[in-house]
Amino acid sequence: MTGERFAAVDHWIARHLIPDDPVLEAVLKSARTNGLPAIDVSPLLGAFLALVAHLIKARRILEIGTLAGYSAIWMARALPQDGHLVTIEVNPRTADVARANFARADVVKRIDLRVGAALDVLPTLVDEGHAFDMAFIDADKANNASYADWAATLVRPGGVVIIDNVVRDGRILDEATDDPDIVGTRSLYAAMRMDGRFESTALQTVGVKGWDGLLIARRR
Ligand code: SAM
């Protein structure tokens, strides 16, 4: 099967299961107009994140890696009125685009956008006493093992941690690579293997974003 066929199936499924959403379409359009790369989650993955948030009745969600706010909006919409989502973005100009999109999607009250490097922001969330029901990690892959470690501190027992891009066209098998994304992802698996705080698995995915995967963990 080719990548084109995987994408065609993704589009076909999305047409059946994901209602048309002019706001989310405008969010993606604004991302591209502002020159941001097309590395937002797919619509089907956005719907999956919202579904998980609904299933666990999440009230507090942490996201690392905002981009234009597409995945954050999917998850924020799954929160109750008094729920909140903290999302961390390192690039101030990118954060401006996300901020405008949160207003466009009318989720400003539920979203707390922190601008800075995640490894600087995460300790401040611990100091502020946050406890999250769910975390979605989707930023620089080189730091994924550290992000999972912070998630173990910040996510309550029974909460869920989802980490994107953990297969990367199968390149995670490449032991000799010096690609920081792959090295970081391999370190993530090594850390999770040793980390008794999580029960975890990873699922390979194909679709509009090619061949990749999600690591899904429950905080014990
Ligand atoms: N989750 C977004 C979505 O699906 O709509 C996509 C996030 S994109 C894959 C990764 C984002 O992480 C980029 O906007 C990038 O600027 C941000 N990022 C990269 N390194 C970061 C860091 N150290 N701290 C916080 N954000 C970072």
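This section reports on the structure supplied with the text. (Residues numbered from 1 in each chain as written. Predicted model: local features only at pLDDT ≥ 70, side-chain atom pairs only at ≥ 80, totals over all residues. Heavy atoms only, no water.)

So, about the nonpolar core. Across soluble globular proteins, you tend to see nonpolar side chains buried next to one another. If you look at the biggest cluster of nonpolar residues, it comprises 34 residues, and the most contacted ones within it are Ile61, Phe102, Met134 and Ile162. Taken together, the elements giving at least two residues each to this core come down to helix H2 (22-33), helix H3 (43-55), helix H4 (70-77), helix H5 (92-104), strand E3 (111-115), strand E4 (132-137) and strand E5 (155-164). Excluding anything up to four places from it in sequence, isoleucine 162 contacts Phe48, Leu49, Val52, Met134, Ala135, Phe136, Ile137, Leu214, Leu215 and Ile216. Formed by 26 residues, the second largest nonpolar core is a distinct cluster that contains Ile88, Ala151, Val166 and Phe198. (Core = buried A, V, L, I, M, F, W, Y, C linked by side-chain atoms within 4.5 Å. Buried < 20%, exposed > 50% of the residue type's maximum accessible area, 1.4 Å probe, protein only. Helix = DSSP H or I, 4+ residues; strand = E, 2+ residues; numbered from the N terminus. Contact = heavy atoms within 4.5 Å.)

Spatial ordering of the open sheet is given by E3-E2-E1-E4-E5-E7-E6, a layout of 7 strands whose pairing is mixed. Each edge of the open sheet is held by one strand with a lone partner, namely E3 and strand E6 (198-207). Averaged over neighbouring strand pairs, the angle between their axes works out to 15° when direction is ignored. The pairing of strand E1 (residues 60-64) with strand E2 (residues 84-89) spans 5 bridges and is parallel. Note on E2: the bridge partner recorded for leucine 62 is valine 86. Of the strands in this sheet, E1, E2, E3 and E4 touch H4, which is tilted by about 175° from E1. (Pairing = 2+ DSSP bridges. Axes fitted to C-alpha atoms, helices over the stretch in contact; angles between N-to-C directions.)

Around the ligand sit 21 residues in total, of which Val41, Gly65, Ser71, Glu89 and Asp138 are the nearest. Measuring from a nitrogen atom of the ligand, one finds a side-chain N or O atom of serine 71 at 2.8 Å. Between the ligand and the protein, one listed contact pairs a nitrogen atom with a side-chain N or O atom of aspartate 140 at 3.3 Å. Here the ligand has 600 Å² of accessible area as a free molecule, and 87% of this is covered by the chains. At the level of secondary structure, the elements contributing two or more residues to the shell around the ligand comprise H4 and E2. In the shell around the ligand, the residues fall into 11 nonpolar, 5 polar and 5 charged. (Near = heavy atom within 4 Å. Polar contact = N/O pair within 3.5 Å; in protein donor to acceptor, adjacent residues only side chain to side chain. Areas by Shrake-Rupley, 256 points an atom, 1.4 Å probe, with all protein chains shown as cover. Nonpolar A, V, L, I, M, F, W, Y, C, P; charged D, E, K, R; others polar.)

What follows covers the environment of valine 208. Tracing the backbone through its elements, the reader meets valine 208 in the loop between E6 and strand E7 (210-219). Residues contacting valine 208, with those up to four places away along its chain left out, are Ala7, Asp10, His11 and Ser42.

It is worth stressing that arrangement in space is one thing and function is another; only the former is reported here.
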